[in-house]
Amino acid sequence: MTKIIDIEKAVSLIKSGDTLMVGGFGLVGCPLSLLEKMEEADLKHLTVISNNLGEPGKGLGKLVLQKKVKKGIGSYFTSNPDVVNAYQQNELEIDLMPQGTLAESIRAGGAGIGGFYVKTGAGTKMSEGKEVREIKGETYLFQEALQADVALIKAKKADRYGNLVYLKSARNFNPVMATAASLVIAEVDEIVEPDDLSPEEIVTPHLYVDYLVVRGGDGNES
Amino acid sequence: MNHKQRIASRVARELKDGDIVNAGIGIPTLVPDFIPDGVEVFLHSENGILGVGPFPEEGNIDENIINAGKKPVTVKEGASYFDSASSFGMIRGGHIDVAILGALEIDETGRIANWAVPGKPVLGVGGAMDLLEGAKKIFITITHTTKDGKPKIVKENHYPVTSERKADLIITDLAVFKVTSKGLVLTEIFAHSSLQEVEQKTEGAFTIDPSLKQTN
């Protein structure tokens with residue numbers, strides 16, 4: 001059994017109308033080879049859950065310019081002027097969330113939790129339309145968990161089972177996204193032998209990972 | 001020192017040995033350069049680092065180590081990396097001692113606005129609300145007035161607030177204010193400024209601490 005496939009095959013598993021989770025904080029920890037291959041694919045009406053929507057012409061930013069993205073769910077879109085522009089032209093819907101609420105919604109989505117109460121945003125415009133609850137004298141907002149059809153994540157290395165190790169601050173949203181989608185595709189820099197990874201260092205155990213692709217590779221590694 | 005460095009230098013003197021500090025973007029990123037000798041603080045970055053070090057020298061950049069402003073940084077001995085959900089668990093869960101943040105405005109009760117401008121699309125909030133909710137202390141670093149000379153310390157915020165939670169300390173390029181349950185208290189004035197200037201450039205009400213000091 002192998003989980004290693006080529007990037008083209010991986011992208012063919014994504015369908016128009018899908019909800020995707022895409023890892024990364026800016027472009028760091030973003031599965032850029034998968035996104036690049038998606039530029040060539042005939043995909044539309046995607047909902048993308050990601051902290052940002054790339055940078056101008058880079059990463060998810062390119063897919064926004066190609067009008068493949070219908071809706072973005074994330075915490076910070078102002079760093080990409082193309083996203084602001086697409087929103088103002090009514091070409092893109094945006095659902096803005098505090099970054100911690102975004103991360104926790106994904107964590108909950110992968111852990112069988114339907115939703116949770118969080119203080120962040122209470123008493124602000126962010127609370128509009130949200131269920132409010134007093135807990136021990138403080139105001140909390142209800143937040144539903146997030147799940148996706150496909151998660152595209154980035155790790156440093158994997159073994160052939162799909163155990164993942166991340167690199168420095170490129171970890172960010174990737175481990176939680178690995179838990180919260182029906183289909184999880186991890187883009188990695190290298191595939192190593194299973195005994196090259198110590199069980200202690202594995203951050204994402206293989207049960208979460210469906211497929212592996214190698215950055216810039218043809219899938220025949222190892 | 002320019003006025004931003006002066007603000008950063010003053011806020012750095014508020015930090016205590018062992019503090020876990022989250023410094024936002026803008027003026028707060030200058031704070032690590034001014035931490036006094038004998039004080040060791042640990043910088044937390046929302047994207048998953050505890051133990052952020054100085055900015056790297058050119059040619060020595062590791063593109064996989066960035067701060068919340070997406071700028072390359074380094075890590076210090078004892079540093080750790082973690083995922084975003086853990087990072088915000090630290091923030092909301094009360095494990096960060098101090099958050100140093102910028103603001104667009106702050107009202108006379110100490111509530112800040114730093115995430116949205118009316119009339120413009122609101123497309124970015126990032127970690128600002130989480131930090132205001134969860135950090136044990138909030139220090140605000142701002143220039144006293146906008147580029148057009150309008151006071152940033154106002155009676156009522158024109159911009160939407162980031163949280164109902166109030167700041168603890170406000171440090172501008174002219175003065176230092178403590179936020180108390182009774183409102184803002186002016187505690188220090190920088191040597192290059194004067195009480196008259198501070199009064200002129202502050203719209204929100206404040207009282208003057210009986211032991212008002214001059215500071216550098």
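This text gives an overview of the structure that appears in the document. This one's a predicted model, so the numbers in the text were calculated from it and none came from an experiment.

1. Quick look at the pattern of salt bridges
Link 1 in the chain: The full count for this structure, using the stated rule, is 19 salt bridges over all chains.
Link 2 in the chain: Here Lys168(A) makes a salt bridge to Asp62(B), at a shortest N to O gap of 2.5 Å. With Lys168(A) in the loop between strand 9 (164-165) and helix 6 (174-177) and Asp62(B) in the loop between strand 3 (49-52) and strand 4 (75-81), this residue pair bridges two chains.
Link 3 in the chain: Of the charged contacts in the structure, one is a salt bridge between Glu197(B) and Lys201(B), with a shortest N-O distance of 2.8 Å.
Link 4 in the chain: Overall, Lys201(B) belongs to the partly exposed group, its relative accessible area being 30%.
Link 5 in the chain: What emerges from the salt-bridge pattern is a single network uniting Glu104(A), Arg107(A) and Arg92(B).

2. Some words on a nonpolar patch on the surface
Link 1 in the chain: On the surface, a nonpolar cluster with roughly 200 Å² of combined accessible area is contributed by Leu195(B), Ile208(B) and Leu212(B).
Link 2 in the chain: By the secondary structure assignment, Leu195(B) is in helix 4 (residues 195-200).

3. Quick word on unusual backbone geometry
Link 1 in the chain: Of note in this structure, Asn172(A) is not a glycine but carries a positive phi near 25 degrees.
Link 2 in the chain: Structurally, the position occupied by Asn172(A) is in the loop between strand 9 and helix 6.

4. Notes on the packing of helix 5 (residues 99-110) of chain A against helix 2 (residues 84-92) of chain B
Link 1 in the chain: Close contact between helix 5 of chain A and helix 2 of chain B brings their axes to 8 Å; oriented N to C, the two are set at 125 degrees. As the angle between them shows, helix 5 of chain A and helix 2 of chain B are arranged oblique. The crossing of helix 5 of chain A and helix 2 of chain B is left-handed. Contacts from Gln99(A), Gly100(A), Thr101(A), Ala103(A), Glu104(A) and Arg107(A) in helix 5 of chain A reach Ser84(B), Ala85(B), Phe88(B) and Arg92(B) in helix 2 of chain B.

5. Looking at the pairing of strand 5 (residues 115-118) of chain A
In the case of a regular strand, side chains alternate between the two sheet surfaces.
Residue and element names in this part refer to chain A.
Link 1 in the chain: A one-sided burial pattern is seen for strand 5, the buried positions being Phe116 and Val118 and the unburied ones Gly115 and Tyr117.
Link 2 in the chain: Where strand 5 meets strand 7 (residues 138-144), 4 bridges bridge the pair, whose relative direction is antiparallel. Residue pairing for strand 7: tyrosine 117 is matched across the bridge by phenylalanine 142.

6. Quick word on the layout of surface pockets
Link 1 in the chain: The calculated volume of the largest pocket comes to roughly 1,300 Å³.
Link 2 in the chain: Tyr76(A), Ile25(B), Gly26(B), Gly102(B) and Asn114(B) are the residues nearest the centre of the largest pocket, which is lined by 50 residues in total.
Link 3 in the chain: At the level of elements, helix 1 (3-12), strand 1 (20-23) and helix 3 (128-134) of chain B are the ones that each hand at least two residues to the lining of the largest pocket.
Link 4 in the chain: Grouping the constituent residues of the lining of the largest pocket by class yields 21 nonpolar, 21 polar and 8 charged.
Link 5 in the chain: Reported here for the second largest pocket is a volume of approximately 420 Å³.
Link 6 in the chain: Breaking the lining of the second largest pocket down by element, the ones donating at least two residues are strand 1 and strand 2 (42-45) of chain B.
Link 7 in the chain: Tallying contributions element by element places strand 2 of chain B first for the lining of the second largest pocket, with 3 residues.

7. Thoughts on the nonpolar core
Link 1 in the chain: Ranked by size, the top nonpolar core spans 37 residues in total, and within it Met38(A), Leu53(A) and Leu152(A) carry the most contacts.
Link 2 in the chain: Here Met38(A) is in contact with Val11(A), Ile14(A), Leu20(A), Leu43(A), Leu46(A), Leu63(A), Lys68(A) and Leu152(A), once residues within four sequence places are set aside.
Link 3 in the chain: Listed in part, the 30 residues of the second largest apolar core include Ala103(A), Ala158(A), Ala186(A) and Ala85(B).

8. Focus: the interface of chain A and chain B
Link 1 in the chain: Residue-level contacts link 40 residues of chain A with 34 residues of chain B.
Link 2 in the chain: Both sides together, the interface formed by chain A and chain B hides about 3,000 Å², and carbon and sulfur atoms give 66% of it.
Link 3 in the chain: Taken as a group, Phe25(A), Lys168(A) and Ser169(A) account for 20% of the area that chain A buries against chain B, more than any other trio of residues on that side.
Link 4 in the chain: Taken together, chain A and chain B are joined by 2 salt bridges.
Link 5 in the chain: Along the contact surface separating chain A from chain B lie 13 residue pairs in polar contact (both at pLDDT 80 or more).
Link 6 in the chain: Counting only elements with at least two residues in the side of chain A that touches chain B, the list comes to helix 4 (81-88), strand 4 (93-96), helix 5 and helix 6 of chain A.

9. Some words on empty space enclosed by the protein
All names here are of chain A.
Link 1 in the chain: Evaluated as defined, the whole model comprises 1 cavity of 30 Å³ or more.
Link 2 in the chain: One number sums up the size of the largest cavity: a volume of about 40 Å³.
Link 3 in the chain: For the largest cavity, the full set of lining residues is Gly23, Gly24, Gly26, Cys30, Ser50, Asn52, Gly54 and Leu60.
Link 4 in the chain: For the lining of the largest cavity, the class distribution of residues is 2 nonpolar, 6 polar and no charged.

10. Some remarks on the sheet that holds strand 13 (residues 206-215) of chain B
Residue and element names in this part refer to chain B.
Link 1 in the chain: Across the sheet, 10 strands lie side by side as 4-3-2-1-5-8-10-11-12-13; this open sheet has mixed pairing. Looking along the sheet, the strands with just one partner apiece sit at the ends: strand 4 and strand 13. Going from strand to strand, the sheet's axes swing by 25 degrees on average, the running direction of each strand aside.
Link 2 in the chain: Here strand 11 (residues 175-180) pairs with strand 12 (residues 183-190) via 6 bridges, running antiparallel.

11. A short note on the side chain of Asp107(B)
Residues and elements named next belong to chain B.
Link 1 in the chain: Turning to its location among the elements, aspartate 107 is positioned in strand 6 (residues 105-107).
Link 2 in the chain: Taking the relative accessible area as the measure of exposure, aspartate 107 reaches 4% and is therefore buried.
Link 3 in the chain: Setting aside anything within four residues of it in sequence, one finds aspartate 107 in contact with Val154, Lys155, Glu156, Asn157 and Leu184.

The rules behind the values
- Note that residues are indexed from 1 along each chain, following the sequence as it is written.
- To read the labels, note that chains go from A and ligands from 1, taken in the order they are written.
- For a predicted model such as this one, the threshold for reporting local features is a pLDDT of at least 70, and the threshold for listing and counting side-chain atom pairs is 80 or more; totals across whole chains, interfaces and linings nevertheless cover every residue.
- To get the side-chain values, all heavy atoms of the structure are used, and hydrogens and water are removed first.
- Between Lys or Arg on one side and Asp or Glu on the other, a salt bridge is scored when a side-chain nitrogen of the former is within 4 Å of a carboxyl oxygen of the latter.
- Helix and strand definitions follow DSSP, with helices as H or I runs of at least four residues and strands as E runs of at least two, each counted in order from the N terminus.
- Summary of the burial criterion: residues with accessible area below 20% of their type's maximum are buried, those above 50% are exposed, and those between are partly exposed, where the area comes from a 1.4 Å probe applied to protein chains only.
- Two distance rules govern patches: like charges are joined within 9 Å, and nonpolar side chains (Val, Leu, Ile, Met, Phe, Trp, Tyr) within 5 Å, applied only to residues with over 30% relative accessible area and no salt bridge.
- The accessible surface values rely on the Shrake-Rupley method and a 1.4 Å probe; as for residues, cover is taken only from the protein chains in view.
- Here an axis means a line fitted to C-alpha atoms, over the contact stretch when the element is a helix, while the angle between two N-to-C directions is reported on a 0 to 180 degree scale.
- Any angle from 65 to 115 degrees is called roughly perpendicular, while one under 35 is roughly parallel, one over 145 is roughly antiparallel, and all others are oblique.
- A clockwise turn of the near helix away from the far one marks a right-handed crossing, whereas an anticlockwise turn of less than a right angle marks a left-handed crossing.
- The contact criterion used is simple: two residues touch if any of their non-hydrogen atoms lie within 4.5 Å.
- Strands qualify as paired when DSSP identifies two bridges or more between them.
- Put simply, the grid is 1 Å and covers the protein atoms alone, a cavity is a trapped set of points that fit a 1.4 Å probe, a pocket is an open set with protein on both sides within 12 Å along at least five of seven lines, and lining residues have an atom within 4 Å of a point.
- Grid points are joined across faces, edges and corners, and a volume is the space filled by probe spheres set on the points.
- Polarity classes work like this: nonpolar for Ala, Val, Leu, Ile, Met, Phe, Trp, Tyr, Cys and Pro, charged for Asp, Glu, Lys and Arg, and polar for all others, with Gly in that last group.
- Side-chain atoms within 4.5 Å link the members of a nonpolar core, which is a set of buried Ala, Val, Leu, Ile, Met, Phe, Trp, Tyr and Cys residues.
- Once two parts are put together, the accessible area they lose, assessed with a 1.4 Å probe and summed over both, is termed the buried area.
- We define a polar contact as two N or O atoms separated by no more than 3.5 Å, with the added condition that, inside protein, one atom must be a possible hydrogen donor and the other a possible acceptor, whereas residues neighbouring each other in sequence contribute only through side-chain atom pairs.

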